[in-house]
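Coordinates in review
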Amino acid sequence: MSLDLATENPTRSPELPPATDPTGDPTAVPATGPAADPATGPARPPLSPSTLRTVVRELAERPDQWIHLVRLSTEERWYQRLVAEDDHEVWLISWLPGQSTGFHDHGGSRGAFTVALGELEELSLGGPDQGLLIRRVPAGTARAFGPEYVHDVRNTASGPAVTLHAYSPPLSSMAHYDLRAGGLVRTSEEGPEQW
């Protein structure tokens, strides 16, 4: 399995900021949102990337809510879902040196992650003039992205790392890509049944 996801021990979300972004974030969802479901009532619109960044940052500042859950696995990244709501989910992930996601998307979901402990590296493709972008992501740093974002996250440091990830709406699929001379080439797709 190569996803940064799992489904153990879902819990209710800590207090979250409002679902709309008053700062004028261009990735925020319009006020109209999705249609109502007659069985459950009005659907909540997806959270904006900036709101998801706030969610993971605030949770990272409360390690008493997650540090006791962290496990390290030499076989692959360890992960556990912490929050499962209709409009978002939050995952806790640990990374040993050398572990990575490979290039992947988030199935149309917006997202954010923060490094709570350790340091990671993020690779993404910039515009035609930028090529491959490599970002160092030290502890305390948060990254947020829109629904079309593709990246590779990896632990290139000498020690373990722990991260918190939020997605809205909750992930329904994730495609994987190979980086080739002509750009990214889609190679596979996974769904929740594989997580």
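Note that the structure is predicted; figures quoted are calculated from it, not measured. (Residues numbered from 1 in each chain as written. Predicted model: local features only at pLDDT ≥ 70, side-chain atom pairs only at ≥ 80, totals over all residues. Heavy atoms only, no water.)

**Looking at the pattern of salt bridges**
Here the structure, examined in full by the defined rule, presents nine salt bridges. A salt bridge links Arg44 to Asp87; the nearest nitrogen and oxygen atoms lie 3.1 Å apart. Taken together, the residues span a long stretch of sequence, with Arg44 in the segment before helix H1 (49-60) and Asp87 in the loop between strand E1 (78-84) and strand E2 (89-95) at a distance of 43 residues. Arg44 gets classed as partly exposed once you look at its relative accessible area, which sits at 47%. Several salt bridges converge on common partners, so that one network encompasses Arg44, Glu85 and Asp87. (Salt bridge = Lys/Arg side-chain N within 4 Å of Asp/Glu carboxyl O. Helix = DSSP H or I, 4+ residues; strand = E, 2+ residues; numbered from the N terminus. Buried < 20%, exposed > 50% of the residue type's maximum accessible area, 1.4 Å probe, protein only.)

**Here's the deal with the sheet that holds strand E9 (residues 161-168)**
Taken in spatial order, the five strands of this open sheet run E1-E2-E9-E4-E7, and their pairing is antiparallel. The sheet is open, and its two edges are formed by E1 and strand E7 (142-145), each paired on a single side. For this sheet the average axis-to-axis angle between neighbouring strands, irrespective of direction, equals 15°. Where strand E4 (residues 110-117) meets E9, seven bridges bridge the pair, whose relative direction is antiparallel. Counterpart to Ala112 in the pairing with E9 is Ala166. Together, E1, E2, E4, E7 and E9 form the strand contacts of H1, whose direction differs from that of E4 by roughly 25°. (Pairing = 2+ DSSP bridges. Axes fitted to C-alpha atoms, helices over the stretch in contact; angles between N-to-C directions. Contact = heavy atoms within 4.5 Å.)

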